[in-house]
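Listed here are the chains, written in short residue letters.
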Amino acid sequence: MNAQNSTVRRKNGLIGSGAAALVALALAGCSAGGSGTGSNAAAGLGAAPSASASTGAAASSTPSAAPSSPSASPSPTGPTVPEPAVLSDAQINIAEGQTVGVGMPVSVTFPHPVPASQRAAVEQWLTVQAGGVTGAWSWIRDRDLLDGERVDFRPQSYWQTGTQVTVRLGSGTVRHFTVGRSLIATVDVHTHQMTVVKGGKTTRIPITAGRPGLDTWNGVMVVLDKAQKVLMDSRTVGLGDAYKGYYYWAVHITTSGTYVHQNPRADTYGGKENVTHGCVGLADDGTAQDFYNQVIPGDVVKVVNSTDTVAAGNGYGDWNLSWTQWLAGSALKGAAGS
């Protein structure tokens, strides 16, 4: 199933903390993930997704084979322009002192679009200090926002465990966060298996993914939040009365409503066949709860051997862009080491 929960995600611009809060959602049911205009924004996930399940991949084209080296580095002496007023209303997706997974981008959103002519100045006043990490800002067309309302920072590759990060939005907002242990879950829709690598330990879990025509999004997704209980209703995505009910131990990975969650059908079809409406189903024998208990926001869920690649702005699809593509989305066209 796929579901949408703006209540759990949108709280002063912050992503979910990973607490096991009971949540009943007015949702968007399982599908390939849905497309539609607007997008999510980690720091302001909102708006119900479109019922369409098609071309979100178009906004995030297939990565090129090999990333390039950074093209330039901004001046180390600091901003050379006055601080843009828009930064006073900016929101950031990470709470002070939060511990996140290795895939978590820093996502900054604005209440109104930042004109292209002002984006370089905004980037100059956004700083990330992370002990020598090379990364860059890139303007993302968020699924639920307008162009110019979201800019993300990510390293060239996943964060290293234990990294201490300080983010400054101009002269005002400051956030400190820590990168926790690494958890990367790879879902293979052909073998119907999810391989979870956590802190060097590997576990394999039988899964059932989206059935043909309602395929699970391909590509790298990042955990947005999680909830013990989610109400999913197929009518919200134009699938009639296919399903309506509560699903448990739900780990949220796209704004359009893709989850990894408990699904009783996985008891029968897990490891054998794809039968869901787009989400990744786990057995209700404790398997789903165990996975739920392990994950935190920022952990990586990568789907392979499916069809369309999830868009960069449908949750945190940032990692589906090559480094060359990422730098191209920066107004400064360059990377920074810190």
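Look up: the structure comes first, before these words.
Residues numbered from 1 in each chain as written. Predicted model: local features only at pLDDT ≥ 70, side-chain atom pairs only at ≥ 80, totals over all residues. Heavy atoms only, no water.

A. Quick look at the nonpolar core. The biggest cluster of nonpolar side chains holds 33 residues, and the ones touching the most others in it are Val106, Phe110, Trp159 and Phe177. Where this core is concerned, the elements lending two or more residues are β3 (106-109), β4 (126-129), β5 (134-139), β6 (150-155), β7 (164-169), β8 (173-179) and β12 (219-222). The greatest single-element share of this core, amounting to three residues, is contributed by β7. Setting aside chain neighbours within four positions, we find Val106 in contact with Ile92, Asn93, Ile94, Trp137, Val151, Asp152, Phe153, Val167 and Phe177. Grouped together as the second largest cluster of nonpolar side chains are 25 residues, Val189, Val223, Val260 and Tyr292 included. (Core = buried A, V, L, I, M, F, W, Y, C linked by side-chain atoms within 4.5 Å. Buried < 20%, exposed > 50% of the residue type's maximum accessible area, 1.4 Å probe, protein only. Helix = DSSP H or I, 4+ residues; strand = E, 2+ residues; numbered from the N terminus. Contact = heavy atoms within 4.5 Å.)

B. Just the side chain of Gln262, in detail. Within the secondary structure, Gln262 sits in strand β15 (residues 259-262). For Gln262, a relative accessible area of 15% gives the class buried. Apart from residues no more than four positions distant in its own chain, Gln262 is found in contact with Tyr247, Tyr248, Trp249, Leu282, Ala283, Asp284 and Ala288.

C. Inspection of the sheet that holds strand β13 (residues 225-233) at higher detail. A sheet is described by the order of its strands in space; here four strands give the open sequence β13-β14-β15-β16, paired in mixed fashion. Of all the strands in the sheet, the pair left with one neighbour each is β13 and β16 (280-282). Across the sheet, the axes of successive neighbouring strands diverge by a mean angle of 35 degrees, strand direction being ignored. Looking at chain direction, β15 and β16 are connected through three bridges and run parallel. Across the sheet, the residue bridging to His261 is Gly281, located in β16. Docked against the sheet, helix α4 (residues 287-294) engages β13, β14 (244-252), β15 and β16, running at close to 40 degrees with respect to β14. (Pairing = 2+ DSSP bridges. Axes fitted to C-alpha atoms, helices over the stretch in contact; angles between N-to-C directions.)

D. View of the packing of aromatic side chains. Under the criterion given, the structure shown has six aromatic pairs. Look at Phe153 and Trp159: their rings are 6.2 Å apart centre to centre, the planes differ by 35 degrees, and that puts the pair in the tilted class. Taking relative accessible area as the criterion, Trp159 reaches 3% and is therefore assigned buried. For the pair Trp159 and Phe177, a centre-to-centre distance of 6.0 Å together with 90 degrees between the ring planes defines the contact as edge-to-face. Remark: Phe177 occurs in strand β8 and Trp159 occurs in the loop between β6 and β7; sequence separation between them is 18 residues. Neither residue differs from the other here; Trp159 and Phe177 are each classed as buried. Among the aromatic side chains, those forming a connected cluster through ring pairs are Trp137, Phe153, Trp159 and Phe177. The side chain of Lys229 reaches across the aromatic face of Tyr246, ending 4.2 Å from its centre. (Phe/Tyr/Trp six-rings, centres within 6.5 Å; stacked < 30°, edge-to-face > 60°. Lys NZ or Arg CZ within 6 Å of the ring centre and 35° of its normal.)

In short, geometric facts, not functional conclusions.
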